[in-house]
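The chain contents come next:
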Amino acid sequence: MCSTCCVVRAAAAEFRRYAGIKTRGHRMAQRDLEARWITPDGIPGVLFRFGNSVRVIAGECAGQTGRVVALLSLEPEPLYVIEFMQTGKSVNVIQSALKKAV
């Protein structure tokens, strides 16, 4: 499991607790967030899309490659679920701890 700088458990717990996403003062249901995320225009400020290959660049998971399988929240920065290809395990990782895999 990754360190807290890589895995953002508090954000995931908040997500489960409210069963929705708070964005700019209003509440967005997870399905609405995902519906916007998969459109051709995507969501401004969200760099990664479903299925993108990414490399974790911070924390204990640094150097591991995985794929984006979900977008959990937008604030304070996008939070993704990353599934590691080799192990099948998944972790929650903030956008700034990721880069596009080559």
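Moving on, we come to the environment of I43. Along the chain, the position of I43 falls in the loop between helix 2 (30-37) and strand 3 (53-56). What makes I43 buried here is its relative accessible area of 7%. Sequence separation between I43 and L74 is 31 residues; the distance between their C-alpha atoms is 9.3 Å. Residue contacts for I43: discarding those within four places in its chain leaves L33, R36, W37, L71 and L74.

Only one face of strand 3 is covered, namely the face carrying V54 and V56; the face carrying S53 and R55 is uncovered. With 3 bridges connecting them, strand 3 and strand 4 (residues 65-73) associate as antiparallel partners. Across the sheet, the residue bridging to R55 is T65, located in strand 4. Here 3 bridges tie strand 3 to strand 7 (residues 98-100), and the two strands are oriented antiparallel to one another. Within the sheet, the bridge partner assigned to V54 lies in strand 7 and is K100.

Turning next to unusual backbone geometry. Between E75 and the following residue, P76, the backbone shows a cis peptide bond with an omega angle of 10°. Inspection of the secondary structure assignment puts P76 in the loop between strand 4 and strand 5 (79-84).

Pairing within the open sheet is antiparallel, and its 5 strands lie in the order 6-5-4-3-7. A single partner strand is all that each edge strand has here, and the edge strands are strand 6 (90-94) and strand 7. The mean inter-strand angle of the sheet, taken between neighbouring strand axes irrespective of direction, is 50°. Note that strand 5 and strand 6 share 5 bridges and pair antiparallel. Bridge pairing in strand 6 links E83 to S90.

The subject of this paragraph is the environment of E83. Along the polypeptide, E83 turns up in strand 5. Classification of E83 by relative accessible area gives partly exposed; the value is 25%. Not counting the four nearest positions on each side in its chain, E83 is found in contact with G66, R67, V69, G88, K89 and S90.

Conventions adopted
- Residues numbered from 1 in each chain as written.
- Predicted model: local features only at pLDDT ≥ 70, side-chain atom pairs only at ≥ 80, totals over all residues.
- Heavy atoms only, no water.
- Helix = DSSP H or I, 4+ residues; strand = E, 2+ residues; numbered from the N terminus.
- Buried < 20%, exposed > 50% of the residue type's maximum accessible area, 1.4 Å probe, protein only.
- Contact = heavy atoms within 4.5 Å.
- Pairing = 2+ DSSP bridges.
- Axes fitted to C-alpha atoms, helices over the stretch in contact; angles between N-to-C directions.

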